[in-house]
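Given next are the chains, with one letter for each unit.
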Protein chains: 2
Amino acid sequence: MRDAYRSDLDAITDALVEMTRLVGSAMARATTALLDADLALAESVIAADDQVDALYRQVEEQALDLLARQSPVAGDLRTVVTSLRIVADLERMGDLADHVASVARRRFPASAVPAELRGTVLEMGQVAQRIVTKAGSVIASRDVASAAELERDDDAMDSLHKRLFSLILADDWDGGVEAAIDVTLVGRYYERYADHAVSVARRVVFLVTGERPARVTS
Amino acid sequence: MRDAYRSDLDAITDALVEMTRLVGSAMARATTALLDADLALAESVIAADDQVDALYRQVEEQALDLLARQSPVAGDLRTVVTSLRIVADLERMGDLADHVASVARRRFPASAVPAELRGTVLEMGQVAQRIVTKAGSVIASRDVASAAELERDDDAMDSLHKRLFSLILADDWDGGVEAAIDVTLVGRYYERYADHAVSVARRVVFLVTGERPARVTS
């Protein structure tokens, strides 16, 4: 019974790590689609979200099945319930990559990102990659040190998000209201993506150390 | 044991219904604070979110405790796991009310909402009230019919959200970029609030009917 539990739990962990890979790739491709106004790429990101959703349902069923068959208690119970939380964060990260791709699609053949903001959006995409890769490592290895790094990446994302607003609020910015709306939404999607990655890491830290993660509020 | 389980579960349901009341009141007050540029009211909404967070942690502990002590299976297990999902949606709805209040606070003493958009934002606040009240009823009574009504309210919210964009994108709109950013964010907060309420209702429907809820994507 103990071994069966461990192998069920490993299957869930593997699926969660696979999801970080998928939602990481989705956000990387969504960023490229957004910056290059690449319609085909945007559509491939949107279509690929089904795979993330399928894994979400799979993990949910696996966790319920494990709870029903093994009736874990204490730390084991917390591990399974934490997986249910993490899978919800990852599913949402997939949605947010999908949303970035949808903005790219909506503005095609134009780019939704004015030239003077491209560098900042590119950096947001890069920070998103770093953060989701670390979230995958934290899930796979329960590496609490990486979780702390991930918090710093999230601070970097917040700074980039603020920079985005200061650029569109500058006196000399003349991109217009439509671009301001797109950039506001896109900025929010990246920021929320990073928040969910932080939330994943904090949940793992809570499991390992018993220290309850601070609330992710933004 | 059966009775203990039932009474534990009732306590969780009561806490969830109480949370719908709190996050409903928070969004109603946040809407007033936003439209009237009422700083004290905005701050009271922001401070009150701690209560929602405390209930969130309470429900999470109650659910874990119930899983550990009673080891429910089948429908009972799904009910407890669903509560964990619902409490996360409600906690997030509290955050979104907090975010609306934060926009009001940031723009004080000005109002973040230009005069020509006030009617639409007021309506979004009213739909938010209807939808969270129904979500509370659906949790309390497992009333699947109300869940369908709630989907229609969510469609109304989506229409209002689209109207908000069409107003700020109109040729004669001269509210400027800062207002466009505020309105884009606020619109998104109301829309997400409604999405989470729909998600709550769909989870209850899934419990009652076994029909898996459609994905909430926006």
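Above: the structure in question.
Residues numbered from 1 in each chain as written. Chains lettered and ligands numbered in written order. Predicted model: local features only at pLDDT ≥ 70, side-chain atom pairs only at ≥ 80, totals over all residues. Heavy atoms only, no water.

(A) Spatial organisation of the overall build of chain A. Secondary structure summary: chain A contains six helices and zero strands in total. Starting at the N terminus, the α and β elements of chain A follow one another as α-α-α-α-α-α. Here the C-alpha radius of gyration of chain A, 19 Å, is about what a compact globule of 218 residues would show, namely 17 Å. Over its C-alpha atoms, taken along the principal directions, chain A stretches across nearly 65 × 35 × 20 Å. For chain A, the residues scored as buried account for 55% of the 218 residues in total. Residue pairs in contact within chain A that sit at least 24 positions apart in sequence constitute 82% of those at least 6 positions apart. When the accessible surface of chain A is summed, it comes to about 8,600 Å², and 52% of that surface belongs to carbon and sulfur atoms. Averaging the locations of the 25 positively and 36 negatively charged side chains of chain A gives two centres separated by 4 Å. (Helix = DSSP H or I, 4+ residues; strand = E, 2+ residues; numbered from the N terminus. Rg over C-alpha atoms; globule rule 2.2 N^0.38 Å. Buried < 20%, exposed > 50% of the residue type's maximum accessible area, 1.4 Å probe, protein only. Contact = heavy atoms within 4.5 Å. Areas by Shrake-Rupley, 256 points an atom, 1.4 Å probe, with all protein chains shown as cover. Lys, Arg positive; Asp, Glu negative; His and termini not counted. Charge placed at Lys NZ, Arg CZ, Asp CG, Glu CD.)

(B) Geometry of the interface of chain B and chain A. Residue-level contacts link 41 residues of chain B with 41 residues of chain A. Carbon and sulfur atoms supply 55% of the area that chain B and chain A bury against each other, a total of about 3,600 Å² over both sides. At the junction of chain B and chain A, the tally comes to four salt bridges. One salt bridge in this structure joins Glu60(B) and Arg85(A), with 2.5 Å as the shortest N-O distance. Linking chain B to chain A there are six residue pairs in polar contact (both at pLDDT 80 or more). Mapped onto the side of chain B that touches chain A, the elements with two or more residues apiece are α2 (39-70), α3 (74-107), α5 (144-168) and α6 (176-209) of chain B. (Buried area = accessible area lost by both parts, 1.4 Å probe. Salt bridge = Lys/Arg side-chain N within 4 Å of Asp/Glu carboxyl O. Polar contact = N/O pair within 3.5 Å; in protein donor to acceptor, adjacent residues only side chain to side chain.)

(C) Region of the structure containing unusual backbone geometry. Pro109(A) follows Phe108(A) through a cis peptide bond whose omega is 10°. For Pro109(A), the position within the fold is in the loop between α3 (74-107) and α4 (118-141). One non-glycine residue, Ala74(A), lies in positive phi territory at about 45°. By secondary structure assignment, the location of Ala74(A) is in helix α3. For Ala74(A), a relative accessible area of 56% translates into the label exposed. Of note in this structure, Ala37(B) is not a glycine but carries a positive phi near 50°. If you trace the backbone, Ala37(B) turns up in the loop between α1 (2-36) and α2. A residue is classified by how much of its surface remains accessible, and Ala37(B), at 14% relative accessible area, is buried.

(D) Fine view of the pattern of salt bridges. Residues and elements named next belong to chain B. The tally for this structure, following the rule as stated, stands at 38 salt bridges over all chains. With a closest N to O distance of 3.3 Å, Lys134 and Glu149 form a salt bridge. Remark: Glu149 occurs in helix α5 and Lys134 occurs in helix α4 (residues 118-141); sequence separation between them is 15 residues. Residue Glu149 is classed as partly exposed on the basis of its relative accessible area of 34%.

(E) Spatial organisation of empty space enclosed by the protein. For the coordinates displayed, the defined rule picks out three cavities of 30 Å³ or more. Empty space within the largest cavity amounts to approximately 50 Å³. Every residue along the wall of the largest cavity is listed here: Leu67(A), Ser71(A), Pro72(A), Leu77(A), Leu67(B), Ser71(B), Pro72(B) and Leu77(B). (1 Å grid on protein atoms, 1.4 Å probe; cavity = no way out; pocket = protein on both sides within 12 Å on 5 of 7 lines; lining within 4 Å. Points joined across faces, edges and corners; volume = space filled by probe spheres on them.)

(F) Representation of the relation of the copies chain B and chain A in the model. Each copy superposes on the other: chain B lies on chain A with an RMSD of 0.0 Å after a rotation of 180° and an axial shift of 0.0 Å. The symmetry that links the two subunits is that of a two-fold axis. By residue overlap, the copies meet face to face through one surface: 100% of the interface positions of chain B are interface positions in chain A. (Least-squares fit on C-alpha atoms with pLDDT ≥ 70 in both.)

(G) Structural view of the packing of α4(B) against α6(B). All names here are of chain B. Axis separation between α4 and α6 bottoms out at 9 Å; the angle between their running directions is 20°. By the criterion of interaxial angle, the relationship of α4 to α6 is roughly parallel. Every pair of crossing elements has a handedness; the one defined by α4 and α6 is left-handed. Contacts between α4 and α6 pair Val121, Met124, Gly125, Ala128, Ile131, Val132, Ala135, Val138 and Ile139 from the former with Gly187, Tyr190, Tyr193, Ala194, Ala197, Val198, Val200, Ala201 and Val204 from the latter. Grouping the constituent residues of the contact of α4 with α6 by class yields 16 nonpolar, two polar and no charged. (Axes fitted to C-alpha atoms, helices over the stretch in contact; angles between N-to-C directions. Parallel < 35°, antiparallel > 145°, perpendicular 65-115°, else oblique. Left-handed = near helix turned anticlockwise from the far one by under 90°. Nonpolar A, V, L, I, M, F, W, Y, C, P; charged D, E, K, R; others polar.)

(H) Highlighting the side chain of Asp154(B). Residue and element names in this part refer to chain B. Tracing the chain through its elements places Asp154 in helix α5. It is Arg202 that comes nearest to the buried, bridge-free Asp154 among opposite-charge side chains, at 5.6 Å. Apart from residues lying up to four places away in sequence, Asp154 is in contact with Ile131, Ala194, Asp195 and Val198.

(I) Main features of α2(B). All names here are of chain B. A rise of 1.5 Å per residue sets the reference length of α2, with its 32 residues, at 46 Å; its end C-alpha atoms lie 47 Å apart and thus fit the reference within 8%. Where α2 starts, the residue carrying a side-chain oxygen 3.3 Å from the main-chain nitrogen of Ala40 turns out to be Asp38. Ser71, located one to two residues past α2, shows a positive phi value of around 40°. (Expected span 1.5 Å × (residues − 1).)

(J) Local environment of the side chain of Thr184(B). With respect to the element layout, Thr184(B) can be found in helix α6. Apart from residues no more than four positions distant in its own chain, Thr184(B) is found in contact with Ile181(A), Thr184(A), Leu185(A), Phe165(B) and Ile168(B).

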